Amino acid sequence: MTADGDAVSHMFYKKEENMSKVAVVYWSGTGNTKIMADKVAEGAKDAGAEVSVFTPSQFGPDKINEFDAIAFGCPSMGDEVLEETEFEPMFTDCESKLGGKKIALFGSYGWGDGEWMRNWEERCGDQGIQLAYECVMCNETPDADGEAECVALGKALA
Ligand SMILES: Cc1cc2nc3c(=O)[nH]c(=O)nc-3n(C[C@H](O)[C@H](O)[C@H](O)COP(=O)(O)O)c2cc1C
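Residues numbered from 1 in each chain as written. Predicted model: local features only at pLDDT ≥ 70, side-chain atom pairs only at ≥ 80, totals over all residues.

Chemist: Could you give an account of the overall build of the chain, with specific residues and numbers?
Modeler: Across its full length, the chain carries five helices and five strands. Element order for the chain, N to C, with α for helix and β for strand: α-β-α-β-β-α-β-α-β-α. Counting across all 158 residues of the chain, residues that qualify as buried make up 38%. Taking the contacts inside the chain whose residues are at least 6 apart along the sequence as the reference set, 80% of them involve residues at least 24 apart. (Helix = DSSP H or I, 4+ residues; strand = E, 2+ residues; numbered from the N terminus. Buried ≥ 20, exposed ≤ 12 C-beta atoms within 10 Å, placed from the backbone. Contact = placed C-beta atoms within 7 Å.)

Chemist: Kindly report on the site of the ligand, identifying the contributing residues and their values.
Modeler: The environment of the ligand is formed by 18 residues, the closest being Asn32, Thr33, Pro75, Gly110 and Gly112. Contributing elements (two or more residues each) for the shell around the ligand: helix H2 (32–46) and strand S4 (102–109). When grouped by side-chain class, the residues that make up the shell around the ligand number four nonpolar, eleven polar and three charged. (Near = placed C-beta within 6 Å. Nonpolar A, V, L, I, M, F, W, Y, C, P; charged D, E, K, R; others polar.)

Chemist: Quick one: what's the story with the packing of H2 against helix H5 (residues 144–157), residue by residue and with numbers?
Modeler: Interaxial distance between H2 and H5 falls to 6 Å at its minimum, and their mutual angle equals 45°. With respect to each other, H2 and H5 are oriented oblique. H5 is crossed by H2, and the crossing has right-handed handedness. Two secondary-structure elements touch here, H2 through Met36, Lys39, Val40, Ala41, Glu42, Gly43, Ala44 and Asp46 and H5 through Glu147, Cys150, Val151, Ala152, Leu153, Gly154, Lys155 and Leu157. When its residues are assigned to classes, the contact of H2 with H5 shows nine nonpolar, two polar and five charged. (Axes fitted to C-alpha atoms, helices over the stretch in contact; angles between N-to-C directions. Parallel < 35°, antiparallel > 145°, perpendicular 65-115°, else oblique. Left-handed = near helix turned anticlockwise from the far one by under 90°.)

Chemist: Summarise the pairing of strand S3 (residues 69–73); cite the residues concerned and give the values.
Modeler: When you tally the buried positions in S3, you get five out of five residues, the bulk of the element. Side chains of S3 alternate between two faces, with Ala69, Ala71 and Gly73 and Ile70 and Phe72 buried alike. In the sheet, strand S1 (residues 21–26) pairs with S3 via five bridges, with the strands oriented parallel. Of the residues in S3, the one forming a bridge with tyrosine 26 is glycine 73. Bridging between S3 and S4 involves five bridges; their strand directions are parallel. Bridge pairing links isoleucine 70 to isoleucine 103 in S4. In this view, the connection linking S3 to its parallel neighbour S4 by way of helix H3 (residues 87–94) has right-handed handedness. (Pairing = 2+ DSSP bridges. Right-handed = clockwise from strand over helix to strand, strands pointing away.)

Chemist: Any details on the pairing of S4? Residues and values, ideally.
Modeler: S4 sits mainly inside the fold: seven of its eight residues count as buried. Relative to strand S5 (residues 136–139), S4 is paired through four bridges, and the arrangement is parallel. For glycine 107, the partnering residue across the bridge sits in S5 and is methionine 137. Where the polypeptide runs from S4 across helix H4 (residues 115–126) and back to S5, its parallel neighbour, the crossover connection is right-handed.

Chemist: With reference to specific residues and values, describe H3.
Modeler: Taken residue by residue, H3 has Phe87, Met90, Phe91 and Cys94 as its buried positions. Along the long axis of H3, the arc covered by the buried residues comes to 95°, so they all point the same way. Looking at the buried residues of H3, the elements they touch are S3. (Arc of directions from axis to C-beta.)

Chemist: Tell me about H2, and name the residues and values.
Modeler: When the terminal C-alpha atoms of H2 are compared, their 21 Å separation across 15 residues agrees well with the 21 Å that a helix rising 1.5 Å per residue should span. All of the buried residues in H2 are Asn32, Thr33, Met36, Ala37, Lys39, Val40, Ala41, Gly43 and Ala44. As for H2, its buried residues are in contact with S1, strand S2 (50–54), S3, S4, S5 and H5. The positive-phi residue at the C-terminal boundary of H2 is glycine 48, with phi of around 100°. (Expected span 1.5 Å × (residues − 1).)

Okay, structure coming up:
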């Protein structure tokens, strides 16, 4: 291998090593937040991150340190709350361990005004979690602007 060849292979090695690892963890009942999660993952991948997508049963506190950044997605459920059976318990287990990570929130809502997201953001603030990007909310199925916001959120985490 020439000196040039060595330099090139070293550059590739460094690139792989420096790729940021992004997790997208979402719950979706009727698919709207899933569309958002897929767009967040697309944005992060396009920006060069290694992306893993999880549902709540596949993620927990033991996984947090495998990632540099985590995007959490959950629609407004119940009466302006996170989905209570799977997402809420998972997030409760994780929230005190998210300090120092790049975190972002997204989700779809219906007839409300986004109260669930305001409460979720405040809850993160109370835990000392610094959000790396503005929360992205979409009314029911994301439109083109909503999808673009999700892509931008993913890029910001990469
Ligand atoms: C049981 C249930 C409770 C809901 N509660 C709210 C609510 O409190 N506020 C609101 O804006 N939308 C509410 N919605 C509407 C959902 O947030 C909305 O349909 C969203 O797009 C669902 O996302 P998903 O397709 O990812 O499940 C509720 C929907 C269901 C099924």
